[in-house]
Amino acid sequence: MIDTHTHLYAEEFDEDRKEAIQRAINKRITEFYLPAIDSESHEKMLQLEAEYPGQIFSMMGLHPCYVKPETWEQELEIVKNYLDQRTFPAIGEIGIDLYWDKTTLDIQVKAFEQQIDWAIEKDLPIVIHTRESFDETFEVLERKKHPKLRGIFHCFSGNFEQAKHAIDLNFILGIGGVVTFKNGKIDQFLNEIPLDKIVLETDSPYLAPVPFRGKRNESSYLDLVAGKLVDIYKVDFSEIDRITTENARKLFKK
């Protein structure tokens, strides 16, 4: 299995990072994709990638919650410098978040659009963070439509119409712990979404699946997400593993 979205460099893992990664490896999780947040976390993220060559892969981008009036342009310069220096499997996580701060919408949109332009220029997928902002996110994607524009709607928690819209725009859905929540709702329609439009993720240390909801999440819990998909799609675990792994490898060109 592949965890397409995990913040293994986060401070929540400072006490047992190696053990947490080993627990996941023991569960046959073979690859981990780390989304970038902002420049303060780059060093830890890239160092972890260097410690696990061929297993841990860093993305590069500026998270919408860290698009701040006083620093966002400098932060984007740092992102661009990295993108010009080396190859990353994706630009992310990027997007729009109106849960925490609606006042920065204008600059969030500008940062999102700039990073989309770089993704198209470099032929890279993007990993989208969208929270309470589906309409605004779709507006940007419609404006920026391009044959090379593709990626993941990370931690997808929208409705069926939004899922279809995302897929129509050449995106796939990142499915994590939310699918196990009683109030998550995506389990009610997910079986209408083809499995080849889905990848697995944990977003650890956040959004732990049931029965660990409310506790620290970790990549080893990815099997609980896959197990829920077994129930939803009525196929074997090995089939969920095979198809979602193929989807991730195809997207990240690994």
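As a reminder, the structure under discussion sits directly above these lines.
Residues numbered from 1 in each chain as written. Predicted model: local features only at pLDDT ≥ 70, side-chain atom pairs only at ≥ 80, totals over all residues. Heavy atoms only, no water.

### Observations concerning the pattern of salt bridges
- Summed over the entire model, instances satisfying the criterion amount to 21 salt bridges.
- Residues Glu142 and Lys145 are paired through a salt bridge, measuring 3.4 Å at the closest nitrogen-oxygen approach.
- The class of Lys145 is exposed, set by a relative accessible area of 55%.
- A salt bridge links Arg216 to Glu218; its shortest N-O distance comes to 3.0 Å.
- What makes Glu218 buried here is its relative accessible area of 5%.
- One network of salt bridges, in which partners are shared, links Asp16, Arg23, Arg216 and Glu218. (Salt bridge = Lys/Arg side-chain N within 4 Å of Asp/Glu carboxyl O. Buried < 20%, exposed > 50% of the residue type's maximum accessible area, 1.4 Å probe, protein only.)

### Topic: the environment of Ile172
- Here Ile172 lies in strand β7 (residues 171-175).
- Considering only alpha carbons, one finds Ile172 and Phe156, 16 residues apart in sequence, at a separation of 9.3 Å.
- Ile172 has contacts with Gly151, Ile152, Phe153, Asp196, Lys197, Ile198, Val199 and Leu251, leaving out every residue within four places of it along the chain. (Helix = DSSP H or I, 4+ residues; strand = E, 2+ residues; numbered from the N terminus. Contact = heavy atoms within 4.5 Å.)

### Quick word on the nonpolar core
- Ranked by internal contacts, the top residues of the largest apolar core, which has 74 residues, are Ile126, Leu141, Phe153, Ile175 and Leu229.
- Here this core takes 8 residues from helix α4 (residues 105-122), the largest share from any one element.
- If near-sequence neighbours (up to four positions away) are discounted, Leu229 is found in contact with Ile175, Val179, Leu190, Ile198, Leu200, Lys234 and Ile240.
- Counting residues in each nonpolar core, the second largest holds 12 residues, with Met59, Val127, Ile152 and Leu251 among its members. (Core = buried A, V, L, I, M, F, W, Y, C linked by side-chain atoms within 4.5 Å.)

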